[in-house]
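What follows is the residue order along each chain.
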Amino acid sequence: MNARRVSLSAVSIALVTIMVYAIRVPVPATGGFWHTGVIAETFLATAFGPAIGAVASGVGAAIADLIAGYGQFAPLTLIAHGSTGLLVGLLAWRKGWPGMILGWVIGGLAQVAVYFVGEATVYGMGVAGATAELFGNLVQVGLGFLGLILFRIVRQAYPQIEQLASAVSFEEV
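Residues numbered from 1 in each chain as written. Predicted model: local features only at pLDDT ≥ 70, side-chain atom pairs only at ≥ 80, totals over all residues. Heavy atoms only, no water.

**Student:** Hey, could you run me through the pairing of strand β2 (residues 32-35) in this one?
**Tutor:** Walk down a regular strand and you will see the side chains alternate between the two sheet faces. Pairing between strand β1 (residues 24-27) and β2: 4 bridges, direction antiparallel. Bridge pairing in β2 links P26 to F33. Between the end of β1 and the start of β2, which pair antiparallel, lie 4 residues, with G31 showing a positive phi angle near 80°. (Pairing = 2+ DSSP bridges. Helix = DSSP H or I, 4+ residues; strand = E, 2+ residues; numbered from the N terminus.)

Dropping the structure here:
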């Protein structure tokens, strides 16, 4: 991994952390919260691909959980949001609208499914407890569409954005 990818990953992790931490809506039924981080996750995975998308989404959201006092959810958050970044990146990176929409939908549904299964089983909330977050989690990942729109706007202004995650190559002239 080169210095540019490390730097891009670090800045992306920080952006997701801020977006998750900045606006939190508590969910009393589960002790968790909803947030706007998926906007950044979708944007970053679409712009920079599955590796940066997975790392930034998973690590950034887990760090926000730790900072906000929700450390018990950090391991599940790492997996749930990491899967979103990975899937959005795999399906949307360097693709047109159909791939971007597919990535957003599948990545978002993966996040909701991971949270549902994890809360119902590992966290012992049962199906009823996990269901209490289902609607909010669907709305939360629905916000990811704004990340796609943001990506389109940024790419129009700065077409080279997708090249930032690529390996640096030099051509002798």
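Moving on from the model shown.
**Student:** For this particular structure, what's the right way to read the pattern of salt bridges?
**Tutor:** Taken as a whole and judged by the stated rule, the model has 1 salt bridge. Among the salt bridges present, the one from R155 reaches E162, with a minimum N-O distance of 3.7 Å. Taking relative accessible area as the criterion, R155 reaches 22% and is therefore assigned partly exposed. (Salt bridge = Lys/Arg side-chain N within 4 Å of Asp/Glu carboxyl O. Buried < 20%, exposed > 50% of the residue type's maximum accessible area, 1.4 Å probe, protein only.)

**Student:** Whenever I open this one, a nonpolar patch on the surface confuses me. Can you help?
**Tutor:** Taken together, the side chains of Y21, V55, V59, I63, I67, L78 and I79 present a nonpolar region at the surface, about 560 Å² in accessible area. Contributions of two or more residues to the nonpolar patch are made by α3 (50-68) and α4 (74-92). Here the nonpolar patch gets 4 residues from one element, more than from any other, and that element is α3. Looking at where L78 falls in the secondary structure, it is placed in helix α4. (Patch = residues over 30% accessible without salt bridge, like charges linked within 9 Å, V, L, I, M, F, W, Y side chains within 5 Å. Areas by Shrake-Rupley, 256 points an atom, 1.4 Å probe, with all protein chains shown as cover.)

**Student:** What is the right way to read the nonpolar core from this model?
**Tutor:** Within soluble globular proteins, side chains that are nonpolar tend to cluster in buried spots. Of all hydrophobic cores here, the largest spans 26 residues; its most connected members are V16, L44 and F48. Counting only elements with at least two residues in this core, the list comes to α1 (3-22), α2 (37-48), α3, α4, α5 (97-120) and α7 (144-157). Residues in contact with L44, not counting those within four places in the same chain, are S12, L15, V16, G49 and A56. (Core = buried A, V, L, I, M, F, W, Y, C linked by side-chain atoms within 4.5 Å. Contact = heavy atoms within 4.5 Å.)

**Student:** Sorry if this is basic, but what is going on with the environment of F43 here?
**Tutor:** By the secondary structure assignment, F43 is in helix α2. Distance in space between the C-alpha atoms of F43 and L78 is 18 Å, their sequence separation being 35 residues.

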